[in-house]
Amino acid sequence: MGYFRFRRSIKLLPGIRLNIGKKSSSVSVGVRGAHVTFGKTGTRTTVGVPGTGLSYTQVSPNHDEAGPSDGQTATSTRSPLGGLVLLLVIGLIAAAMFGSH
């Protein structure tokens, strides 16, 4: 059986989009080929090669503000590659915004 989907993306400013879906909404910041999306379920960082369909996405879920409920200490499960990807995204965004036009 099929189902309906709803998704709408609204450009607020250059490089900033409001994404509205059936169940939630999010905000995306970035340029063609690199953007970061902030939503209630977490942060999604995407870097791609425009026009090729090739991209890499890393999802960082939001953590529970109260912390672990079983008394254990919180440990990070992020890979070190995540920091490098984020730096790459920030660099691409800065280059696109402040580079020569």
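Reference entry: report on the structure contained in this document.

So, how was this worked out
- Residues numbered from 1 in each chain as written.
- Predicted model: local features only at pLDDT ≥ 70, side-chain atom pairs only at ≥ 80, totals over all residues.
- Heavy atoms only, no water.
- Helix = DSSP H or I, 4+ residues; strand = E, 2+ residues; numbered from the N terminus.
- Buried < 20%, exposed > 50% of the residue type's maximum accessible area, 1.4 Å probe, protein only.
- Pairing = 2+ DSSP bridges.
- Axes fitted to C-alpha atoms, helices over the stretch in contact; angles between N-to-C directions.
- Patch = residues over 30% accessible without salt bridge, like charges linked within 9 Å, V, L, I, M, F, W, Y side chains within 5 Å.
- Areas by Shrake-Rupley, 256 points an atom, 1.4 Å probe, with all protein chains shown as cover.
- Salt bridge = Lys/Arg side-chain N within 4 Å of Asp/Glu carboxyl O.
- Lys, Arg positive; Asp, Glu negative; His and termini not counted.
- Charge placed at Lys NZ, Arg CZ, Asp CG, Glu CD.
- Polar contact = N/O pair within 3.5 Å; in protein donor to acceptor, adjacent residues only side chain to side chain.
- Contact = heavy atoms within 4.5 Å.

## What to know about the overall build of the protein
Looking only at helices and strands, one finds one helix and six strands in the protein. Listed N to C, the secondary structure of the protein is β-β-β-β-β-β-α in terms of helices and strands. Burial status across the protein gives 17% buried among its 101 residues.

## Focus on the sheet that holds strand E1 (residues 7-13)
Judged by pairing direction, the sheet is antiparallel, and its six strands sit side by side in the order E1-E2-E3-E4-E5-E6 without closing on themselves. Every interior strand has two partners, whereas the edge strands, E1 and strand E6 (54-61), have only one. On average, adjacent strands in this sheet sit at an angle of 20° to one another, irrespective of strand direction. As paired elements, strand E4 (residues 34-39) and strand E5 (residues 42-49) share six bridges and run antiparallel to each other. Residue pairing for E5: Ala34 is matched across the bridge by Val47.

## Considerations on a positive patch on the surface
Side chains of Arg5, Arg7, Lys11 and Arg17 sit close together on the surface and give a patch of like positive charge. Locating Arg17 in the fold gives a position in strand E2 (residues 16-21). Overall, the relative accessible area of 37% leaves Arg17 in the partly exposed class.

## Thoughts on the environment of Ile10
Inspection of the secondary structure puts Ile10 in strand E1. Taking the C-alpha atoms as reference, Ile10 lies 9.6 Å from Val27; in sequence the two are 17 residues apart.

## Some remarks on the side chain of Ser28
Following the sequence through the fold, Ser28 ends up in strand E3 (residues 25-31). Polar side-chain contacts of Ser28 include one of 2.8 Å to the side chain of Asn19. A distance of 2.9 Å separates a polar atom in the side chain of Ser28 from a polar atom in the side chain of Thr37. If sequence neighbours within four positions are ignored, Ser28 has contacts with Gly15, Ile16, Arg17, Asn19, His35, Val36 and Thr37.

## With respect to the side chain of Asn19
Checked against the element boundaries, Asn19 lands in strand E2. In this structure Asn19 touches Arg7, Arg8, Ser9, Ser24, Ser25, Ser26, Val27, Ser28 and Thr37, once residues within four positions along its chain are discounted.

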